[in-house]
Amino acid sequence: MTRMPRAQTAPIEAKDNRDREWEDGSQEDEFKPLTREQARQWRARQPAVSLWRLVGWQLLVGLAAGAVAWLLTQSASVGWSVLYGAASVVIPSALMVYGITSSAIARMLAGFAQAAFAGFLLWEGVKILLAVGMLWSAPMVVPDLSWVGLLIGLVLALKVYWFGLWVQTGRSNDK
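Because the structure is predicted, anything quoted here is derived from the model rather than measured. (Residues numbered from 1 in each chain as written. Predicted model: local features only at pLDDT ≥ 70, side-chain atom pairs only at ≥ 80, totals over all residues. Heavy atoms only, no water.)

### Focus on the overall build of the chain
Inference 1: Across its full length, the chain holds seven helices and zero strands.
Inference 2: Counting helices and strands in the order they occur from the N terminus, the chain gives α-α-α-α-α-α-α.
Inference 3: Out of the 175 residues belonging to the chain, those deemed buried represent 25%.
Inference 4: Across the chain, contacts joining residues at least 24 apart in sequence account for 75% of those joining residues at least 6 apart.
Inference 5: When the accessible surface of the chain is split by element, carbon and sulfur atoms take 67% of a total near 13100 Å². (Helix = DSSP H or I, 4+ residues; strand = E, 2+ residues; numbered from the N terminus. Buried < 20%, exposed > 50% of the residue type's maximum accessible area, 1.4 Å probe, protein only. Contact = heavy atoms within 4.5 Å. Areas by Shrake-Rupley, 256 points an atom, 1.4 Å probe, with all protein chains shown as cover.)

Structural data, given as structure tokens:
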């Protein structure tokens with residue numbers, strides 16, 4: 001059996017000691033909580049994201065996509081299919097935003113983080129069920145449904161979330 005020289009084992013032992021220090025919590029004293037003023041300044045620098053503005057953008061994108069689809073195909077059924085696909089995102093999103101921002105339950109539970117999170121989960125479930133129900137009923141609601149048009153409207157309205165995130169990130173980097 002060969003042994004490693006002492007000089008080669010020292011860095012390994014030092015790394016093991018650093019790992020143990022981290023596990024023991026001896027590194028915790030480096031964390032410094034923000035003062036009230038620092039926290040206020042941090043909040044002031046963060047962009048305010050309006051959920052209603054996001055729903056409004058989804059609505060505008062859906063309307064524009066429906067109009068463009070109707071103009072390009074000269075088919076009302078394709079235009080209505082794109083609009084219905086976008087509506088399958090916009091209407092459930094609007095209901096969820098109302099539920100988590102404006103409903104009486106949301107106002108009552110506003111000071112309790114766990115209750116607000118439970119409310120968010122509740123309204124997210126309602127949103128998903130409504131969206132699935134709308135998509136399931138699409139063939140009965142839209143005459144001569146174009147599945148491709150429905151999918152295009154759905155995807156475009158969903159991509160507004162990413163566009164909103166990109167715009168908000170760009171605004172916070174400009175400041």
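### Details of the nonpolar core
Inference 1: Judged by nonpolar contacts, Tyr84, Met134, Ala138, Val142, Leu145 and Leu150 together constitute the single largest core of six residues.
Inference 2: Not counting chain neighbours up to four residues away, the residues in contact with Tyr84 comprise Met134, Ser137, Ala138, Val141, Val142 and Leu150. (Core = buried A, V, L, I, M, F, W, Y, C linked by side-chain atoms within 4.5 Å.)

### Quick look at the packing of helix α4 (residues 76-101) against helix α6 (residues 113-141)
A pair of packed helices is captured by two measures, namely the crossing angle of their axes and the spacing between those axes.
Inference 1: Where α4 contacts α6, the axes come no closer than 9 Å and their chain directions differ by 155 degrees. With respect to α6, the element α4 is oriented roughly antiparallel. Considering how the two elements wind past one another, α4 and α6 form a crossing that is right-handed. (Axes fitted to C-alpha atoms, helices over the stretch in contact; angles between N-to-C directions. Parallel < 35°, antiparallel > 145°, perpendicular 65-115°, else oblique. Left-handed = near helix turned anticlockwise from the far one by under 90°.)

### Some thoughts on the environment of Leu145
Inference 1: Relative to the elements of secondary structure, Leu145 occurs in the loop between α6 and α7 (147-174).
Inference 2: Taking C-alpha positions, Leu145 is 9.5 Å from Tyr84, a pair spaced 61 residues apart along the chain.

### Brief notes about helix α3 (residues 51-73)
Inference 1: In this model, α3 (23 residues) spans 33 Å end to end at C-alpha, consistent with the 33 Å of a helix rising 1.5 Å per residue.
Inference 2: Gln74 occupies a position one or two residues after α3 and carries a positive phi of about 55 degrees. (Expected span 1.5 Å × (residues − 1).)

### Looking at the environment of Tyr98
Inference 1: Tracing the backbone through its elements, the reader meets Tyr98 in helix α4.
Inference 2: Assessed through its relative accessible area of 42%, Tyr98 is described here as partly exposed.

### Considerations on the environment of Ala76
Inference 1: On the secondary structure map, Ala76 appears in helix α4.
Inference 2: For the pair Ala76 and Leu145, spaced 69 residues apart in the sequence, the C-alpha separation amounts to 10.0 Å.

### Observations concerning the pattern of salt bridges
Inference 1: One pass over the full model with this rule turns up one salt bridge.
Inference 2: A salt bridge links Arg40 to Glu37, with the shortest nitrogen-to-oxygen separation between them at 2.4 Å. Placement of both Arg40 and Glu37 in helix α2 (residues 36-45) is noted, with a separation of three residues, approximately one turn of the helix.
Inference 3: Given a relative accessible area of 46%, Arg40 falls into the partly exposed group.
Inference 4: A residue is classified by how much of its surface remains accessible, and Glu37, at 39% relative accessible area, is partly exposed. (Salt bridge = Lys/Arg side-chain N within 4 Å of Asp/Glu carboxyl O.)

### Digging into a nonpolar patch on the surface
Inference 1: Nonpolar side chains collect at one region of the surface, where Trp57, Leu59, Leu60, Leu63, Phe163 and Trp166 lie side by side and expose about 670 Å² of accessible area between them.
Inference 2: Looking at the nonpolar patch, the elements with two or more residues in it are α3 and α7.
Inference 3: Per element, the largest residue contribution to the nonpolar patch is four residues, and it comes from α3.
Inference 4: Turning to its location among the elements, Trp166 is positioned in helix α7. (Patch = residues over 30% accessible without salt bridge, like charges linked within 9 Å, V, L, I, M, F, W, Y side chains within 5 Å.)

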